[in-house]
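Architecture at a glance
The chain contents come next:
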Amino acid sequence: MITERSEDHLVDEPMIRCPLDSQFHIRLVAPRSTQSLLGSRKPVAATVRCIFRIRNTGYRTATYTMPFKSGRPRIYGEGMPALPPGRSSLLLELDLTEPPAAPEPGDRLARLRARGHHQLRPTLRALHEAASDRRVVGLIAKVGGALPWPVMQELRLGVREFAATGKPTLAWAESFGEGSGDTAAYVLATGFDEIWLQPGGALGLLGVGVETTFVRGVLDRLGIEPQLEQRYEFKNAADRIMRAEFTEAHRTALDRVAESIFTEAVAAIVDGRGIADQRVRELADTGPRTAPEAHEAGLVDRLGYRDEAYAAMRSRVGADAELLFADRWRPPRHPHLPARRKAHVALVEARGAIVSGRTRRGPMGRLVGSDSIGAALRAATTDDRVRAVVLHVDSPGGSAVASESIWREVCRVREAGKPVVVSMGQVAASGGYYIACPADVIVALPATMTGSIGVFGGKIVVRELLDRVGLTTGAVSHGARSLMFSTRRGFSDDERERLAAGIDAIYDDFVAKVAQGRGRPISEIESVARGRVWTGSDALGIGLVDELGGLRDAVRIARSRAGLPDNAPIRPALHVRPVSRLGRVKNSEDPRAVANTMLPGLSDIAATLGLPATAALSMPPITVR
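Given the structure is predicted, the values throughout are model-derived calculations rather than measurements.

1. As for the overall build of the protein chain
Summing up its helical and strand segments, the protein chain has 20 helices and 31 strands in all. Burial analysis of the protein chain (625 residues in total) assigns 50% to the buried set. For the protein chain, the share of sequence-separated contacts (at least 6 apart) that also reach a separation of at least 24 residues comes to 75%. For the protein chain, the computed accessible surface area is about 29800 Å², with 51% contributed by carbon and sulfur atoms.

Okay, here's the thing in structure tokens:
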């Protein structure tokens with residue numbers, strides 16, 4: 001902030017940003033009311049407060065008082081923009097000891113449950129945009145909690161972009177060794193300029209492990225028999241139900257997943273800490289470490305407590321900086337005329353297991369309804385203001401039929417001449433990849449679980465369980481296969497043959513759709529399909545995705561493809577006002593037809609547990625530590 005004081009007058013003039021080691025000028029201009037003083041040769045005092053950044057030493061402030069004389073006083077260095085009068089500087093703050101909440105705008109229950117929690121989308125926006133706000137002078141974060149790897153990677157991208165502006169960033173942790181997820185938390189910390197660790201803490205840089213749970217033993221004890229067909233050997237969702245341990249293919253696929261994530265983690269640590277690749281691997285193999293050992297190894301910069309870390313940051317950015325959680329930051333407002341019909345990018349969210357019908361809450365989370373996603377995509381297709389669509393997919397898959405319904409609507413958006421860009425979250429596999437494959441561009445995070453191009457189906461036979469508890473079943477039927485999918489008896493030989501033919505048809509169609517969407521021969525897709533799960537990094541190498549990045553990268557690509565400016569807005573493709581929800585639905589094209597959330601049914605419970613109804617495009621839950 002640069003001010004000139006003369007009697008009761010205050011004039012502000014912003015600094016000019018210059019390259020390092022260059023000079024810039026500050027012109028001290030007296031108000032008109034002081035011209036008589038100048039004419040009478042009386043000195044006028046000018047007070048100048050400057051904020052400097054000198055290479056990597058952080059920001060420093062200095063105040064100069066000098067008489068106003070002829071000529072132009074000069075101050076050398078690199079300056080920051082001035083703050084408006086009466087505005088204090090802001091030190092952004094993050095608490096990343098737990099995953100930030102990411103409720104969908106239209107999910108009122110999720111938004112209610114997220115109250116009191118930090119929000120992911122506003123946090124990412126602040127990390128990418130707040131550094132250009134002249135009020136913001138730095139970033140400090142508490143880290144150390146268990147974060148999903150893709151979420152951590154997206155946050156780290158934002159931290160690195162903030163730090164690239166030259167404003168100081170600092171991460172502090174009580175410990176990186178109090179539970180699982182410590183490696184991911186430490187990798188996030190390496191995106192900051194400086195890492196502090198509490199003296200009594202620890203650093204659990206231990207590597208990456210992948211766990212999966214098999215339920216066949218429990219089913220056998222209960223007298224439940226899974227009768228499933230899978231395509232093919234890597235379709236692990238069926239393995240966890242049909243088997244009690246890894247097959248060779250299952251182990252091979254998960255081993256590569258762990259290796260890929262660990263390789264990305266090592267590369268991030270090498271980049272953030274300047275430690276050699278082999279040395280990072282040695283430190284992981286010999287961990288965990290106490291805080292002094294971590295400091296000695298160069299994994300952290302300082303040992304200290306919260307108050308000391310905050311005091312150190314304030315000494316760099318100014319003691320008067322106001323703390324503000326990053327998700328509470330808002331960009332400065334500039335007056336502008338409303339533009340209701342402004343061209344924009346439409347956002348469609350597909351998060352949860354894929355089912356037919358409307359999007360709804362399941363027993364253990366959100367279920368993505370094909371009717372709801374289809375309605376949103378149709379709205380984007382017919383809206384002239386929508387120039388491109390970003391489809392955010394965070395789904396392990398689900399119903400093959402529901403996935404195909406969504407796939408068709410994605411194709412129709414492209415046929416309308418509007419580019420579709422897919423942004424993959426933590427998982428976009430099986431049915432989640434099915435709905436993504438026709439997009440113009442697919443963007444994934446390095447640790448996104450994707451691929452799983454395969455299918456399994458069948459039924460769970462509970463006849464023995466019913467016998468054990470004394471329940472008997474009587475049945476009458478017309479039609480040789482009317483009870484083919486009854487859970488009270490197993491498949492006959494000809495029924496299993498018919499089931500296998502149906503599973504083969506779904507698999508072949510899935511592979512063909514991926515080949516069409518990716519513009520590659522079926523034989524090439526077949527070699528990377530067979531139900532195998534890939535990380536985003538590996539999927540990039542084999543052509544299943546086009547670029548690594550987060551949702552913001554997908555939006556950037558969509559704007560570019562649509563010929564929109566960099567600041568073109570992104571808005572939900574389908575929005576129904578709360579008052580409008582109360583009215584009667586006019587027809588199936590009415591957005592209100594899919595707006596209200598339904599309660600879960602029995603099929604939803606099966607989908608949540610990963611159990612098939614007939615045929616499912618789904619991948620198993622995988623725990624990465």
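Read on for the rest.
2. Overview of the packing of aromatic side chains
Under the criterion given, the structure shown has 5 aromatic pairs. Here phenylalanine 214 and phenylalanine 246 contribute two aromatic rings whose centre-to-centre distance is 5.4 Å and whose plane-to-plane angle is 85 degrees, an arrangement assigned as edge-to-face. Pair noted here: phenylalanine 214 is in the loop between strand 12 (210-211) and helix 6 (216-222) and phenylalanine 246 is in the loop between helix 7 (236-242) and helix 8 (248-273), with a separation of 32 residues, a long-range link. Taking the centre distance of 5.9 Å and the plane angle of 90 degrees together, the rings of phenylalanine 485 and phenylalanine 491 count as edge-to-face. The class of phenylalanine 485 is partly exposed, set by a relative accessible area of 37%. Just above the ring of tyrosine 232 sits the side chain of arginine 530; from NZ or CZ to the centre is 4.4 Å. In this structure, arginine 532 packs its charged tip against the face of tryptophan 534, placed 4.4 Å from the ring centre.

3. Examining the nonpolar core
The biggest cluster of nonpolar side chains holds 61 residues, and the ones touching the most others in it are Val143, Trp149, Leu155 and Phe176. Per element, the largest residue contribution to this core is 9 residues, and it comes from helix 8. Setting aside chain neighbours within four positions, we find leucine 155 in contact with Leu96, Pro100, Leu120, Thr123, Leu124, Leu127, Leu147 and Leu188. Counting 52 residues, the second-largest nonpolar core is a separate cluster that includes Ile373, Tyr434, Phe510 and Val528.

4. Observations concerning the confidence of the model for the protein chain
Taken as a whole, the protein chain shows an average pLDDT of 82; of its residues, 75% reach a score of 70 or greater. Of all helices and strands in the protein chain, the one with the weakest mean pLDDT is strand 2 (residues 9-12) (33), whereas strand 24 (residues 441-444) scores best (98). Every residue in residues 1-82 scores below 50 in pLDDT, and together they form 156 contacts with partners more than four places removed in sequence or on other chains.

5. Description of the side chain of lysine 418
Within the secondary structure, lysine 418 sits in the loop between helix 13 (400-415) and strand 23 (420-429). Despite its burial, lysine 418 pairs with no opposite charge, the nearest such side chain being aspartate 384 at 5.5 Å. Separated by 2.6 Å, the side chain of lysine 418 and the backbone oxygen of aspartate 383 make a polar contact. With residues near it in sequence (within four places) discarded, lysine 418 still touches Ala380, Thr381, Thr382, Asp383, Asp384, Val386, Arg387, Val413 and Asp440.

6. Concerning helix 12 (residues 370-382)
For helix 12, which comprises 13 residues, the first-to-last C-alpha distance of 18 Å matches the rise-based estimate of 18 Å (1.5 Å per residue) to within 8%. Within helix 12, 10 of the 13 residues are buried, which leaves the element mostly enclosed by the surrounding structure. Ser370, Ser372, Ile373, Gly374, Ala375, Ala376, Leu377, Ala379, Ala380 and Thr381 are the residues of helix 12 that are buried. Looking at the packing, one finds that the buried side of helix 12 touches strand 17 (344-351), strand 18 (353-355), strand 20 (365-369), strand 21 (386-395) and helix 13.

7. What about unusual backbone geometry?
Here the amide bond leading from arginine 231 into tyrosine 232 is cis, since omega sits at 0 degrees, within 30 degrees of zero. On the secondary structure map, tyrosine 232 appears in the loop between strand 13 (225-231) and helix 7. In this structure, proline 288 follows glycine 287 across a cis peptide bond, with omega equal to 0 degrees. Tracing the sequence through the fold places proline 288 in the loop between helix 9 (277-285) and strand 14 (289-290). The phi dihedral of serine 430 falls on the positive side, at around 55 degrees, and the residue is not glycine. Within the element layout of this structure, serine 430 appears in the loop between strand 23 and helix 14 (431-434).

8. Side note on the packing of helix 12 against helix 13
Where helix 12 meets helix 13, the axes come as close as 9 Å, and the angle between the chain directions of the two elements is 5 degrees. With respect to helix 13, the element helix 12 is oriented roughly parallel. Contacts between helix 12 and helix 13 involve Ser370, Ile373, Gly374, Leu377, Arg378 and Thr381 on the former and, on the latter, Ala402, Ser405, Ile406, Glu409, Val410, Arg412 and Val413. The residue makeup of the contact of helix 12 with helix 13, split by class, is 6 nonpolar, 4 polar and 3 charged.

9. Remarks on the pairing of strand 13
Most of strand 13 sits inside the fold, with 6 of its 7 residues counted as buried. Sheet analysis places strand 13 next to strand 26 (residues 455-461), joined by 7 bridges and oriented antiparallel. For glutamate 225, the partnering residue across the bridge sits in strand 26 and is valine 461.

10. Remarks on empty space enclosed by the protein
With the rule as written, the count across this model stands at 3 cavities of 30 Å³ or more. Its boundaries defined by the atoms lining it, the second largest cavity holds a volume of some 40 Å³. If one sorts the elements of the lining of the second largest cavity by residue count, strand 7 (residues 90-95) sits on top with 3 residues. Class assignment of the residues belonging to the lining of the second largest cavity gives a composition of 5 nonpolar, 2 polar and 3 charged.

11. Considerations on the packing of helix 13 against helix 16 (residues 493-518)
Relative orientation of the contacting elements helix 13 and helix 16 amounts to 25 degrees, with a least axis distance of 12 Å. In this view, helix 13 runs roughly parallel relative to helix 16, as classed from their interaxial angle. Where helix 13 crosses over helix 16, the handedness of that crossing is left-handed. Across from Ala400, Glu404 and Trp407 in helix 13, the residues of helix 16 making contact are Ile506, Asp509, Lys513 and Gln516. Along the lines of polarity and charge, the residues of the contact of helix 13 with helix 16 split into 3 nonpolar, 1 polar and 3 charged.

12. Here we look at the pairing of strand 23
Within strand 23, 9 of the 10 residues are buried, which leaves it mostly tucked inside the rest of the structure. Pairing analysis gives 6 bridges linking strand 21 to strand 23, with the strands arranged parallel. Its bridge partner being in strand 23, valine 389 is matched across the sheet by valine 420. One ladder, built from 3 bridges, connects strand 23 with strand 24; its direction is parallel. Along strand 24, the bridge assignment pairs valine 422 with isoleucine 442.

Thresholds, definitions, all that
Residues numbered from 1 in each chain as written. Predicted model: local features only at pLDDT ≥ 70, side-chain atom pairs only at ≥ 80, totals over all residues. Heavy atoms only, no water. Helix = DSSP H or I, 4+ residues; strand = E, 2+ residues; numbered from the N terminus. Buried < 20%, exposed > 50% of the residue type's maximum accessible area, 1.4 Å probe, protein only. Contact = heavy atoms within 4.5 Å. Areas by Shrake-Rupley, 256 points an atom, 1.4 Å probe, with all protein chains shown as cover. Phe/Tyr/Trp six-rings, centres within 6.5 Å; stacked < 30°, edge-to-face > 60°. Lys NZ or Arg CZ within 6 Å of the ring centre and 35° of its normal. Core = buried A, V, L, I, M, F, W, Y, C linked by side-chain atoms within 4.5 Å. pLDDT = per-residue confidence, 0-100. Lys, Arg positive; Asp, Glu negative; His and termini not counted. Salt bridge = Lys/Arg side-chain N within 4 Å of Asp/Glu carboxyl O. Polar contact = N/O pair within 3.5 Å; in protein donor to acceptor, adjacent residues only side chain to side chain. Expected span 1.5 Å × (residues − 1). Axes fitted to C-alpha atoms, helices over the stretch in contact; angles between N-to-C directions. Parallel < 35°, antiparallel > 145°, perpendicular 65-115°, else oblique. Nonpolar A, V, L, I, M, F, W, Y, C, P; charged D, E, K, R; others polar. Pairing = 2+ DSSP bridges. 1 Å grid on protein atoms, 1.4 Å probe; cavity = no way out; pocket = protein on both sides within 12 Å on 5 of 7 lines; lining within 4 Å. Points joined across faces, edges and corners; volume = space filled by probe spheres on them. Left-handed = near helix turned anticlockwise from the far one by under 90°.

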